[in-house]
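An overview of the molecular structure
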Amino acid sequence: MNRIARISPAYRAALRNGKRLDKIEKDIEKLKKNLDKLDPSQNRKNEFIFWMQNSREGETLLDTKKRVFMEMPAWGGDISLLQKGNGEILRRFKRICEDNGLRFWLIGGTLLGAVRHKGFIPWDDDVDVAMTRNHIDQLRSILDDHEELKLDYYYRTEGIVNTQKLIKVTFRDENCPFFIDVMSYDYAGDPEKSEEEIWKEISDCRKAMRKKSRALKDVMDRSYADEALESGRDKEMMETVFAEGLQSLPEVKENKYIYRSLDTVCGKWQRLFACDDMFPLEEREFGGEMYPVPKNCEQYLKMNFGDYYSLPMDIGVIHEVYVGDKLQYASDILARHGIE
């Protein structure tokens, strides 16, 4: 389905909730008509027409895209509720990191939101940050005794990605639907090897680890779909696979590159990222505060999203598996933590 056709229905419905249809929405409505009959090349033409219809005199195409994305209204409803709670956890997480000399940076849709919207993408409901493994270990120790926040591990054994570990920082409240994802990053580098050679070695280790993880399905007590572990036996088996995978990695002789760790979520787009392009971190605004981001944001976002000023292919709440019925407790939890 055409990207405009897919973005329109949900976004339109959200905007109608007590708000008038603005010019951008009306233009999307026009473009949506009969799009199912169009071929991909025609769809691209339609998106181009959409941008032209919303351009202003003297603007370049990129200027128009930047302005339109920045002017997009908030989604409202449950997503705004999640954004409020997740955004507050991010603010408190930032203070903890600053107070303890821990380094983190925005990634994924959160980084895109900072660059393109100076806050949440209107239809995005989560927060993604990155830290190196040693700083995550320090964070875990700090949050063990923290009054408000805690660090939890969630495991995934279903789907094509196989066994992975997700790190989430959340409020200590029971049935809390709010959290931020913390992605683990490791260093790589060898002056005697090319970037391609190093990445192939890491990719081979990842494939071998996933092959071992697939074999666990036949012996584990149960499968997990981004859930906390119920079985100590299952945890021991999974952590053993992770440890063996990490031990098999090539020796790091210099911190020239940084990459998404073997034992965390890793999309197909992930590659080595030069430390010179990552550090020193810069800052971008997100929700009224400044946050650390990769030094070369443009390159990082292109690796992840391609043309990140194009209309998205699809939108919607993507973490419903974590919140579910917990949303009914959201308002009480926000009030308990003084979040208006």
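Criteria and cut-off values
- Residues numbered from 1 in each chain as written.
- Predicted model: local features only at pLDDT ≥ 70, side-chain atom pairs only at ≥ 80, totals over all residues.
- Heavy atoms only, no water.
- Axes fitted to C-alpha atoms, helices over the stretch in contact; angles between N-to-C directions.
- Helix = DSSP H or I, 4+ residues; strand = E, 2+ residues; numbered from the N terminus.
- Parallel < 35°, antiparallel > 145°, perpendicular 65-115°, else oblique.
- Left-handed = near helix turned anticlockwise from the far one by under 90°.
- Contact = heavy atoms within 4.5 Å.
- Salt bridge = Lys/Arg side-chain N within 4 Å of Asp/Glu carboxyl O.
- Buried < 20%, exposed > 50% of the residue type's maximum accessible area, 1.4 Å probe, protein only.
- pLDDT = per-residue confidence, 0-100.
- Pairing = 2+ DSSP bridges.

This part takes up the packing of helix H8 (residues 195-216) against helix H9 (residues 232-247). Two measures define how a pair of helices packs: the angle their axes make with one another and the distance between the axes. Between H8 and H9, the least distance of the axes is 9 Å, while the angle of their chain directions is 165 degrees. If you check the angle between H8 and H9, you find them roughly antiparallel. Taken as a pair, H8 and H9 cross one another with a handedness that is right-handed. For the pair H8 and H9, contact is made by Cys205, Met209, Lys212, Ser213 and Leu216 and by Met237, Met238, Val241, Phe242, Glu244 and Gly245, respectively.

So, about the pattern of salt bridges. For the structure on display, the rule yields 23 salt bridges. Salt-bridge contacts for Asp307 lead to Lys65; the nearest nitrogen and oxygen are separated by 3.8 Å. Here Asp307, found in the loop between helix H11 (297-305) and helix H12 (320-323), pairs with Lys65, found in helix H4 (residues 61-71); they are 242 residues apart in sequence, far enough to count as distant. Taking relative accessible area as the criterion, Asp307 reaches 47% and is therefore assigned partly exposed. Measuring nitrogen to oxygen at the nearest pair gives 3.0 Å for the salt bridge that ties Asp263 to Arg133. Here Asp263 is found in the loop between strand E7 (257-260) and strand E8 (273-274), whereas its partner Arg133 is found in helix H7 (residues 133-144), with 130 residues between them in sequence. You can call Asp263 buried: its relative accessible area is 5%.

Our next topic: helix H6 (residues 108-116). Within H6, nine of the nine residues are buried, leaving the element largely enclosed by the surrounding structure. Among the residues making up H6, those that are buried are Gly108, Gly109, Thr110, Leu111, Leu112, Gly113, Ala114, Val115 and Arg116. Residues of H6 that are buried sit in contact with H4, strand E1 (105-106), strand E2 (128-132), strand E9 (282-286), strand E10 (289-293) and H11. Within two residues after H6, Lys118 carries a phi angle of roughly 60 degrees, on the positive side.

Time to look at the environment of Ser203. By the element assignment, Ser203 lies in helix H8. Judged by its relative accessible area of 18%, Ser203 falls in the buried class. Spatially, the C-alpha atom of Ser203 lies 9.4 Å from that of Arg271, the residues being 68 residues apart in sequence.

Further remarks concern the environment of Ser223. Relative to the elements of secondary structure, Ser223 occurs in the loop between H8 and strand E6 (225-227). Since its relative accessible area comes to 35%, Ser223 is described here as partly exposed. For the pair Ser223 and Asp234, spaced eleven residues apart in sequence, the C-alpha to C-alpha distance is 9.2 Å. When neighbours within four sequence positions are excluded, Ser223 is seen to be in contact with Thr157 and Glu158.

With 83% of its residues at a pLDDT of at least 70, the protein reaches an overall mean of 85. Between residues 1-21, whose pLDDT stays under 50, and residues either more than four places distant or in other chains, the model counts 48 contacts.

Attention now moves to the pairing of strand E3 (residues 149-156). Where E3 meets strand E4 (residues 164-171), eight bridges bridge the pair, whose relative direction is antiparallel. Following the sheet pairing, Lys150 is matched in E4 by Thr170. Taken together, the two bridges between E3 and E6 define a ladder with antiparallel strand orientation. Opposite Arg156, over in E6, you have Ala225 as the bridge partner.

What follows is about unusual backbone geometry. A cis geometry characterises the amide bond from Phe279 onward to Pro280, with omega recorded as -5 degrees. Note that Pro280 resides in the loop between helix H10 (275-278) and E9. Even without a glycine there, the phi angle at Asn175 is positive, about 60 degrees. Mapped onto the fold, Asn175 is located in the loop between E4 and strand E5 (180-188). You can call Asn175 partly exposed: its relative accessible area is 30%.

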